[in-house]
Each structure stands twice: as C-alpha cells, then as structure tokens.
There are 2 protein chains.
Amino acid sequence: MIFRMLSLWLLSLSLALAEAPITLVLHGGAGVGKSTLTAEREAECRQVLEEALRAGHAVLKAGGSSQEAVQTTVVILEDSPLFNAGRGAVLTAAGTVEMDASIMVGATGQAGAVAGVQGVRNPVRLAEKVMLKTPHVLMTGRGAEELAREEKLRFEEPEWFITPAQRARLERVKKQTGSVSSPSDLSLRMGTVGAVALDAAGNLAAATSTGGLVGKRAGRVGDSPLIGAGTYAENGICAVSCTGHGEFFIRNLVAYDVAARMKYAGTGLAEAAEEIVNDKLKKLDARGGLIAVDAKGNISTPFNSDGMFRAWMGPDGLAHVAIFNE
Amino acid sequence: MIFRMLSLWLLSLSLALAEAPITLVLHGGAGVGKSTLTAEREAECRQVLEEALRAGHAVLKAGGSSQEAVQTTVVILEDSPLFNAGRGAVLTAAGTVEMDASIMVGATGQAGAVAGVQGVRNPVRLAEKVMLKTPHVLMTGRGAEELAREEKLRFEEPEWFITPAQRARLERVKKQTGSVSSPSDLSLRMGTVGAVALDAAGNLAAATSTGGLVGKRAGRVGDSPLIGAGTYAENGICAVSCTGHGEFFIRNLVAYDVAARMKYAGTGLAEAAEEIVNDKLKKLDARGGLIAVDAKGNISTPFNSDGMFRAWMGPDGLAHVAIFNE
C-alpha cells in the first residue's frame, strides 16, 4: 500500500514537472450493426465524430482543462441528431424524450449528474451546473429542470429533440418486441455519447450523455448519470465513459471497477478495461463497451458489441475514427 | 489473480458444504449527537432497533434468505417514525416527502432501486419490485409510483409520513442555516436506515432506505438508491449499507469500494471498511458510516460521526444494540 501510494505520488510529481500528453477519446454509443448502417449514414457519423474530436482536442491544445474538453466534445455530439443524446435522443414508451448526463473531474473528485430531464438542449451542461452550483451530485426530473432555468440554460421544443428517425425507431421496436419493456434486440435500442480527456496539467475528466433505451418505461434511469457506473474520473488513475446495456453497467459499477482494479490490484488500464468488457460483462451476456484514458495518456476502447462509434487523438494531433473492429 | 479466484472458489465450496453463520446487521443512520438525544428518545430508538434486528434474524433462523431478512428489517425501520425513512422521513425544502431505497442480492448480482418517490409506504418493497418485475435497476418519481400501483403496494396519505417532529426539524434547519441548500449542520439533517445479512446458504444481501437530507432541493438524489454508493452485495465478498453525507458516498462509491478493496487488494472486511470511513472520508470531512458483513459472517460498523444507530446479531442469537462508541 505504501509503495503504491509512493508511486502514485511520484507519478503526480512527474506529471506536474512535465506536461502530460494531451489526449481526447470519445464514443457515440455501442451496439451499431454492420448490416444496419448504410454507407451514407456511416460517412455522416464519422464526420460528426471527427468534428467533436477536433473541437475537444483543440481545447486541450490551447491549454484548456480536461473538464472543458469533454464538455465541448459531448455538446457537439448532443447537438447532432445522429446519436442518442440531446437532439436525436430516443423516445420513451410514452413518446417523450427523457435525458440523462453526468460529468466528473479527477482533480477535485467533484461530479454532477442529471436524470430524466426534458427540454434541456444540452444535459451535459446541466450536469456541470449541478456540480458547480449546488452541493449535490445527482438531480432528477423537474427539480433538475428548475436548476436549468435558474442557470439560464437553453431549452428547446419537443420537435427539436424528436427526429422522424427516432419516431420510426420507436415504432419498429414496438412492433418487433411486442412489448417495449422487453430487453430483446438491444442493438436497435441503445446508444450513448461520452468523452474522456487528459489535459496538459495532468488532470483527467469524463462525461457521458444519453436518451436511454428506446421505448424505456418512464422513470427508468440507466448507467449514464450514475457516477461509478457510466462515468468516473480520478487523477493519477483513469477517466472512463461507458455505453451499453445500462442495467449491467450499474450492477457491476463498470466505470469505477476499471479504476479499482488499477488502484488495488495494480492492473494496467488496457488489461483492466478488457477484463471487464470482454470477460466479466461478456459472460453476463451484457453488451456494450467503454472508453478510457489513464494518467500517462494510454487509451483503451474495448467493446463486445458489433460496433462502437469512437474516436481518439493524442499529442500528435492525428485523428482516429473507428466503428467496427478495424 | 488465479490464486484469488481459486481461493474464492474454495470459499464458496466450503460455504456450500457447511451452513454459513447467519448474521444480521442494521443501522438507523449516522450523525446523532449525544447532546440532542434525550434518554426517553434513546430508549425508544433502542427498542425499535432491537425489534427490527430480531425480526430480520428470525427470518434467517427459519432458513429464510438474506434478501427476505434485510427486507423485513428495513420495513420495520421504515414504519417507525423515529428514523429518516418511510414514516418519519424528513421534509424537502418544499415540505414534501421524497424517498429513496435500494436492495441488492449477492447470489444473482440483481438489484433494484427507487428515487424521489412519494406516498409509497415502504420504498424498500418498491425497490424489490423494480428488481423482480422489471428489466431495470433504478426508477424515479412518477414512473416508479406507477409501478407501485401496478404491484398493489400500499400507499399512505402525506399525513402518515409527515410527523410533527419532522415539521419542526425543517423549521429549525431553515432558521439555523438561513438557506436550506447549505450543507452545514448535517447532524440535524441526515439519516438513513439499512440492513445487511448473510443467510445459512451463504448468500449476502443489502438494503437501504431514506428520506434524504432535511430541506433538500426537489429532485436531489443521495447515495441510498445508488448501487455501489449506498448499497452493495456480492456473494463470496461482502454486503454493505451506508449512511451519511450522501454526495461524498456517491463520488467515492463507498459501498462498492469496500468490496473492491477486498477483491483486488485482498484486504479484510474490517480494514477495508475502516480505511474508507475513518481515513478516506474523514480526510474529505465527509461524515457518516456503514455496516458490512462478509461471507464468513465477520461484521464491521465504522462511523466517523458522533454516533450511529446500529444493531447486530450472529448465530448465537444475542442482540447487540449501540448508538455511540460503547
């Protein structure tokens, strides 16, 4: 224990003396199938992923914080109708849009999250307000929306969120599963966006945002707004954002479990992330993936579904965008 | 890793061959001060704690499951107006009662939780329904209340929950802190109930229930309904229920952190629990405590506040009830 604490302290010291290798990783959700993605849509998705990647990385390059970088990235993904968060969020069984988001900063261990909010254009901005403007971590529903109004965050009409594609998606799911509460055919039903970053000062941050499961029951909360389940960041260790079948990510505390294996078992980032996604979760038949970055700028993006929209950029400024195993 | 897995497997095997030492531990919240507890009220509290303890232990003794035992215990504590859960739950700033609860069973890793529910007599029963009757883990507000109606759970009028003592408590907090969103004087403001159990079959379970913080903002969710923060159970490892300043317990994943230290660092239950409560949380100035039982029936009940209502009973059937360091 003493050696581990000493090595963590030495690591922090070395990070403080040298600039950390700025790194940004993002995801746009797991579960996409090769057969369901047209070439045209794939090109559109890749373009938005790269745009979000470059915008977040530019924040880091200009000396901005990892907190600001993950915000910038996630806001762009929320504003795109292509991903299940903000605009383009999937519909509940009742045909409404209920969104969840969270953010955590490793430097302070502070976190903010919202669940089941309607009408707020960028739920990740509201999560940040919960962190900065209240003594709380998680706020839900109308209470959270009140805070958004107080903080003058932008609201949009239902029409802004509800795209024709999402309306059709809900109908398809209702037809295929008979009941919308059935967990079957999750590839049609899930999706999340998220980002993790390491800034030049060595600070880690993570953020996640989602509309949840297509056809979910009103009031259902997935892993995205839950610290330790869908999102986690701790300086000196790692930052993690998850996507997948949320209930399994909650019960297995997936985001924190990556950090816990690193802290307590001395496991490396890639091994810890792989073990959870491709061993533990796979055995439970839980589909999904995660993105993670450690304090040295190592990254890991394992997934056990057909595909996971993802992109990453290190200190070299080269953009990498991927969807399937490529 | 292989040795640890082997030893866990041997442990499970030995537990399967011999009956596990049935154990029940409960808490009625941390933060109680010696000066604020009259002798009369202390006697009343001790009586209810012992009643809940004996009822839960009787379930285990009759061969019942740890899941049933923690339910039985928590329902009695919820029905008592003396503790901050169910009847006797504290009031929000708006004068309403918004309750949270969760349950997790180690045998299956299944979990259920509710946040921000009104009118449901026993939120812990609703948490169990979420686990058993839906594919979800966490449900909030009206969506959760709908499920309670479908499952024919008992509802009560606001008058049932709102005791004159809680009305006076909200007024006191409003006067003392000026603003009810101030986190100061938490000893007046917090409280939770919970139970952990090991049954004869070696299965662990944990449950937690609360009304949250006195004068909390509408929509605020604490650690009690969050798996891994306020509640966690994993067969072969431990079951944990927390109480205290919820935001710190969320950010530090306190309940799961006990299990993670045991699994990945090989730390014993008592050492893991003590390190978190009396070192990590104390350094953060985070007040509270937890109760925990491991797969061998070892228990730990650390707290860093003035007092923590707690009680425990092992295979010998002797009742232990404590409030302060005694």
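Use the structure listed above.
To keep things clear, this report deals only with the structure shown in the data block.

What counts, and at which threshold
Residues numbered from 1 in each chain as written. Chains lettered and ligands numbered in written order. Predicted model: local features only at pLDDT ≥ 70, side-chain atom pairs only at ≥ 80, totals over all residues. Heavy atoms only, no water. Pairing = 2+ DSSP bridges. Helix = DSSP H or I, 4+ residues; strand = E, 2+ residues; numbered from the N terminus. Contact = heavy atoms within 4.5 Å. Axes fitted to C-alpha atoms, helices over the stretch in contact; angles between N-to-C directions. Least-squares fit on C-alpha atoms with pLDDT ≥ 70 in both. Buried < 20%, exposed > 50% of the residue type's maximum accessible area, 1.4 Å probe, protein only. Salt bridge = Lys/Arg side-chain N within 4 Å of Asp/Glu carboxyl O. Expected span 1.5 Å × (residues − 1). Core = buried A, V, L, I, M, F, W, Y, C linked by side-chain atoms within 4.5 Å.

A few words on the sheet that holds strand 13 (residues 320-322) of chain B. If you trace the 9 strands from one edge of the open sheet to the other, you get 7(A)-4(B)-3(B)-2(B)-6(B)-5(B)-1(B)-12(B)-13(B), paired in mixed fashion. Every interior strand has two partners, whereas the edge strands, strand 7 (220-221) of chain A together with strand 13 of chain B, have only one. Inspection of the sheet shows strand 5 (residues 193-198) of chain B paired to strand 6 (residues 204-210) of chain B by 6 bridges, in the antiparallel sense. Bridging from a neighbouring strand, valine 196 of chain B pairs with alanine 206 of chain B of strand 6 of chain B. Taken strand by strand, helix 2 (residues 39-61) of chain B contacts strand 1 (23-30), strand 5, strand 12 (308-313) and strand 13 of chain B, and its axis lies near 150° from that of strand 1 of chain B.

It is worth spelling out the relation of the copies chain B and chain A at this point. Of the transformation superimposing chain B on chain A, the axial component is 0.0 Å and the angular component is 180°, with the fit at an RMSD of 0.0 Å. When the rotation and shift are considered jointly, the pair of chain copies conforms to a two-fold rotation axis. The fraction of interface residues of chain B whose copies in chain A are also interface residues reaches 97%, indicating that both copies meet through the same surface.

All names here are of chain B. Buried residues dominate strand 12, accounting for 5 of its 6 residues. Relative to strand 13, strand 12 runs antiparallel, the two being bridged by 3 bridges. The residue bridging alanine 311 from the neighbouring strand is valine 321, located in strand 13. Between strand 12 and strand 13, which follow one another and run antiparallel, lie 6 residues, and glycine 317 among them has a positive phi close to 75°.

Close approach of charged atoms lets side chains of opposite charge pair. Under the counting rule described, the total for this entry stands at 28 salt bridges over all chains. Glutamate 50 of chain B is the salt-bridge partner of arginine 54 of chain B, the closest N and O atoms lying 3.0 Å from each other. Remark: glutamate 50 of chain B and arginine 54 of chain B occur in helix 2; sequence separation between them is 4 residues, near one turn of the helix. What emerges from the salt-bridge pattern is a single network uniting Asp79, Arg121, Arg154 and Glu156 of chain A.

Right, let's get into helix 2 of chain B. Residue and element names in this part refer to chain B. The terminal C-alpha atoms of helix 2, which comprises 23 residues, lie 32 Å apart, in line with the 33 Å expected from a rise of 1.5 Å per residue. Those residues of helix 2 lying buried are Cys45, Val48, Leu49, Ala52, Leu53, Gly56, His57, Val59 and Leu60. Glycine 63 sits one or two positions beyond helix 2 and adopts a positive phi of about 90°.

Counting residues in each nonpolar core, the largest one holds 98 residues, and the members touching the most others are Val258 and Leu290 of chain A together with Val258 and Leu290 of chain B. For valine 258 of chain B, the contacting residues outside a window of four places in its chain are Cys238, Val240, Leu269, Ala272, Ala273, Ile276 and Leu290 of chain B.

Residue and element names in this part refer to chain A. Taken in spatial order, the 4 strands make up an open sheet running 8-9-10-11, and their pairing is antiparallel. The outermost strands of the open sheet, each flanked by one partner alone, are strand 8 (231-234) and strand 11 (299-300). Together, strand 9 (238-244), strand 10 (288-294) and strand 11 form the strand contacts of helix 10 (residues 269-283), whose direction differs from that of strand 10 by roughly 165°.

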